[in-house]
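Below, each chain spelled out in residue letters.
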Amino acid sequence: MPDLLLELFSEEIPARMQRRAAEDLKSALTNALVERGCVYEAAQAFATPRRLALHIVGLPAHQPDVREEKKGPRVGAPQAAIDGFLKGAGLTDLSQATIQSDPKKGDFYIAIVERKGRPTPDVIAEIMPDLIRDFPWPKSMRWGKSSSEAGALRWVRPLHSILCTFGSDTETPEIVPFEIDGIKSGDMSHGHRFLAPQPFHARRFDDYVAKLEAAKVVLSTDRRKEIIVNDARSLAFAQGLELVEDEALLEEVAGLVEWPVVLMGSFDPRFLEIPAEVVRATIRANQKCFVLRDPKSGALSNHFVLVSNIEAIDGGQQVIAGNERVVRARLSDARHFWELDQKPLPGYEQVAGTLLDQRLAKLRALGIVFHEKLGTQADRINRIMTLAQELAPMIGADAAKARRAAELAKADLVTEMVGEFPEVQGLMGRRYASLQGEDASVAAAIEDHYKPQGPSDQVPTDKVSVAVALADKLDTLAGFWAIDEKPTGSKDPFALRRAAL
């Protein structure tokens with residue numbers, strides 16, 4: 001049975017959109033085909049930074065013929081009703097209809113409508129323009145001379161070409177002809193932007209994949225991920241190190257490259273004086289690089305793995321050097337923030353207690369709003385302190401420690417480090433609390449009160465941490481229910497379901 005090969009080639013598709021877009025393409029086209037009677041055997045969608053592709057296996061050559069009965073008006077009905085029935089059924093005269101008797105309702109006209117199935121390429125050509133025009137991108141743009149016209153084509157980035165072919169293994173597949181905004185479908189695709197930019201012909205899926213590989217494009221996201229992680233592990237092993245696995249980063253990086261080339265860089269070991277989590281956050285967020293560690297001690301290494309989209313003639317030395325420069329600059333910033341946060345806070349030097357108390361004083365003084373109907377962050381801290389102190393005896397926790405942990409739990413939000421790297425909130429609070437002599441349970445609760453943040457996250461186990469975590473979540477739930485900000489079927493902006501779970 002024939003197969004369909006489709007490729008929509010454009011400028012860069014954001015990595016975070018690729019998986020969803022590929023599945024949306026598959027769902028939209030296969031559903032439309034099935035609705036028209038074109039049932040298929042299998043379908044697989046693909047995405048790279050510059051293309052969405054779809055391969056549908058086992059389509060019929062034609063739609064099935066259709067025979068259906070259309071019930072019309074009663075015999076003797078007004079002429080307007082009869083004319084509407086004839087037009088809807090495609091008849092020219094009542095003699096082409098039959099009469100069916102119903103013991104309760106009388107005699108009715110019945111039209112037997114028979115439609116011969118159209119060739120499947122014609123069906124696909126009919127579907128595709130509307131599918132492309134109505135594609136559900138979260139964000140899209142218009143471009144070119146027609147961008148100012150009403151109804152101009154919108155796509156995530158400018159759409160350049162469409163490959164669409166249909167046929168079986170025993171015959172030469174045909175081009176499915178259609179056009180949208182001046183872009184005509186064909187059998188041409190394009191390779192890697194820099195390594196093999198020349199266009200090439202492809203009509204079958206196997207031929208298409210092989211020619212893409214020759215043109216330095218790996219079509220499958222999962223295969224790009226395999227290449228990246230395997231090469232990264234090999235490079236790490238060669239240095240006696242271990243890759244710190246990061247599935248979310250791996251998915252993102254695989255969406256940034258069509259031809260992954262894995263390289264290793266390094267930075268000054270003195271930067272390892274910074275907390276390992278901050279080093280990792282810096283390298284991950286700014287350079288999309290993976291960090292490495294010593295497999296025996298678990299200590300972070302001063303090496304990192306980067307993924308390039310080109311095979312450089314110098315073996316990637318300039319690419320590595322460029323990444324090292326940026327990493328060095330960002331780690332210098334992080335070290336500055338780390339050292340600054342451990343110094344007395346200007347203007348709050350007279351505040352009694354630890355340096356976190358000074359940050360807490362700043363947070364209260366700034367009057368940072370938590371929610372316009374629920375007051376400031378300072379108001380929320382007061383509520384959580386009271387709740388944690390009340391809950392502590394119920395679970396066997398020390399009430400004074402629970403209150404102290406709740407008091408400091410949000411103080412790191414105004415530190416320089418968390419201001420630059422929000423993802424380390426809580427963790428930095430724990431670090432600063434430990435450095436400044438707080439009780440170990442209090443320090444742990446500052447980090448753990450945010451947990452669990454998802455189904456795979458750990459649940460707090462220390463009793464003080466449990467008390468503060470419960471207080472934080474109960475305050476959230478009670479507060480937002482009180483102001484009638486409840487989650488709906490599709491929206492939960494304050495993560496109330498997660499807090500409840």
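See the structure shown above.
Bear in mind the structure is a predicted one, so any value in this text is a computation, not a measurement.

Engineer: Before we go on, may I ask you to explain the overall build of the chain in this structure?
Structural biologist: Of the regular secondary structure elements, the chain holds 16 helices and 18 strands. The C-alpha atoms of the chain give a radius of gyration of 32 Å, which is well past the 23 Å a tight globule of 501 residues would have. Principal-axis analysis of the C-alpha atoms places the extent of the chain at approximately 100 × 70 × 45 Å. Looking at the chain as a whole, 46% of its 501 residues are labelled buried. Pairs at least 24 residues apart make up 64% of the contacts formed inside the chain by residues separated by at least 6 positions. Of the roughly 25300 Å² that the chain leaves accessible, carbon and sulfur atoms contribute 51%. Placing the 63 positive and 72 negative side-chain charges of the chain at their respective mean positions leaves the two points 2 Å apart.

Engineer: Whenever I open this one, the sheet that holds strand E6 (residues 106-115) confuses me. Can you help?
Structural biologist: In a beta sheet, neighbouring strands pair by backbone hydrogen bonds and run either parallel or antiparallel. Within the open sheet, the three strands sit side by side as E4-E6-E5. Their pairing is antiparallel. Whereas interior strands pair on both sides, the edge strands pair on one side only; in this sheet they are strand E4 (66-74) and strand E5 (98-102). If you compare each strand with its neighbour and ignore which way they point, the axes differ by 35 degrees on average. Examined bridge by bridge, E5 and E6 share five bridges and lie antiparallel to one another. Among the inter-strand pairings, isoleucine 99 is bridged to a residue of E6, identified as tyrosine 109.

Engineer: Where do I start with the pattern of salt bridges in this structure?
Structural biologist: Charged atoms that come close allow side chains of opposite charge to pair. Going through the model one piece at a time under the given rule, you end up with 39 salt bridges. Lysine 225 is the salt-bridge partner of glutamate 247, the closest N and O atoms lying 2.5 Å from each other. Of this pair, glutamate 247 sits in helix H6 (residues 247-254) while lysine 225 sits in helix H5 (residues 221-238); the two residues are 22 residues apart in sequence, bridging distant segments of the chain. The exposure class of glutamate 247 is partly exposed, given its relative accessible area of 49%.

Engineer: Just checking my understanding: could you explain the pairing of strand E16 (residues 300-308) for this structure?
Structural biologist: The side chains of a regular strand alternate, residue by residue, between the two faces of the sheet. Within E16, eight of the nine residues are buried, leaving the element largely enclosed by the surrounding structure. Where strand E14 (residues 261-266) and E16 come together, six bridges link them in antiparallel fashion. By the bridge assignment, leucine 263 is partnered in E16 with leucine 306. Pairing of strand E15 (residues 290-293) with E16, which is carried by three bridges, proceeds in the antiparallel orientation. Following the sheet pairing, valine 291 is matched in E16 by phenylalanine 304. Linking E15 to E16, which pair antiparallel, is a turn of six residues; within it glycine 298 sits at a positive phi near 80 degrees.

Engineer: Where do I start with H6 in this structure?
Structural biologist: The periodicity of an α-helix, 3.6 residues per turn, causes residues three or four places apart in sequence to face the same way. Those residues of H6 lying buried are Leu249, Leu250, Val253 and Ala254. Viewed along the axis of H6, the buried residues span an arc of 130 degrees, placing them on a single side of the element. Where H6 is buried, its residues touch H5, helix H7 (276-287), E15 and E16.

Engineer: Sorry if this is basic, but what is going on with the packing of helix H8 (residues 317-341) against helix H13 (residues 427-435) here?
Structural biologist: Helix packing for two helices is described by the angle between their axes and how far apart those axes are. Contact geometry of H8 with H13 gives a least axis separation of 11 Å together with a crossing angle of 45 degrees. The angle between H8 and H13 places the two elements in the oblique class. Considering only the axes of H8 and H13, their crossing is right-handed. Every residue of H13 that contacts H8 at Phe337, Trp338 and Asp341 is listed here: Met428, Arg431, Tyr432 and Leu435.

Engineer: Just to check I follow, could you spell out the packing of H7 against H8 for this structure?
Structural biologist: Where H7 meets H8, the axes come as close as 10 Å, and the angle between the chain directions of the two elements is 135 degrees. Accordingly, the angle class assigned to the pair H7 and H8 is oblique. As for the relative orientation of H7 and H8, their crossing is right-handed in sense. Between H7 and H8, the residues in contact are Val278, Val279, Thr282, Ile283, Asn286 and Gln287 and Asn323, Val326, Val327, Arg330, Leu331 and Ala334, respectively. Tallied by class, the residues present in the contact of H7 with H8 amount to seven nonpolar, four polar and one charged.

Engineer: Can you help me understand the state of the cysteines in this one?
Structural biologist: Each disulfide consists of a covalent bond between the sulfur atoms of two cysteine residues. On inspection of all chains with the given rule, the structure shows zero disulfides. Left unpaired, cysteine 38 is separated from the closest cysteine sulfur, that of cysteine 164, by 13 Å. Judged by its relative accessible area of 0%, cysteine 38 falls in the buried class.

Engineer: Is there a simple way to explain the nonpolar core in this structure?
Structural biologist: For soluble globular proteins, the rule of thumb is that nonpolar side chains tend to be buried together. The biggest cluster of nonpolar side chains holds 55 residues, and the ones touching the most others in it are Phe267, Ile283, Met417 and Met428. For methionine 417, the contacting residues outside a window of four places in its chain are Ile274, Val278, Ala334, Phe337, Trp338, Asp341, Val424, Met428 and Tyr432. Formed by 38 residues, the second largest nonpolar core is a distinct cluster that contains Ala22, Leu25, Trp155 and Phe166.

Conventions adopted
- Residues numbered from 1 in each chain as written.
- Predicted model: local features only at pLDDT ≥ 70, side-chain atom pairs only at ≥ 80, totals over all residues.
- Heavy atoms only, no water.
- Helix = DSSP H or I, 4+ residues; strand = E, 2+ residues; numbered from the N terminus.
- Rg over C-alpha atoms; globule rule 2.2 N^0.38 Å.
- Buried < 20%, exposed > 50% of the residue type's maximum accessible area, 1.4 Å probe, protein only.
- Contact = heavy atoms within 4.5 Å.
- Areas by Shrake-Rupley, 256 points an atom, 1.4 Å probe, with all protein chains shown as cover.
- Lys, Arg positive; Asp, Glu negative; His and termini not counted.
- Charge placed at Lys NZ, Arg CZ, Asp CG, Glu CD.
- Pairing = 2+ DSSP bridges.
- Axes fitted to C-alpha atoms, helices over the stretch in contact; angles between N-to-C directions.
- Salt bridge = Lys/Arg side-chain N within 4 Å of Asp/Glu carboxyl O.
- Arc of directions from axis to C-beta.
- Parallel < 35°, antiparallel > 145°, perpendicular 65-115°, else oblique.
- Left-handed = near helix turned anticlockwise from the far one by under 90°.
- Nonpolar A, V, L, I, M, F, W, Y, C, P; charged D, E, K, R; others polar.
- Disulfide = S-S within 2.5 Å.
- Core = buried A, V, L, I, M, F, W, Y, C linked by side-chain atoms within 4.5 Å.

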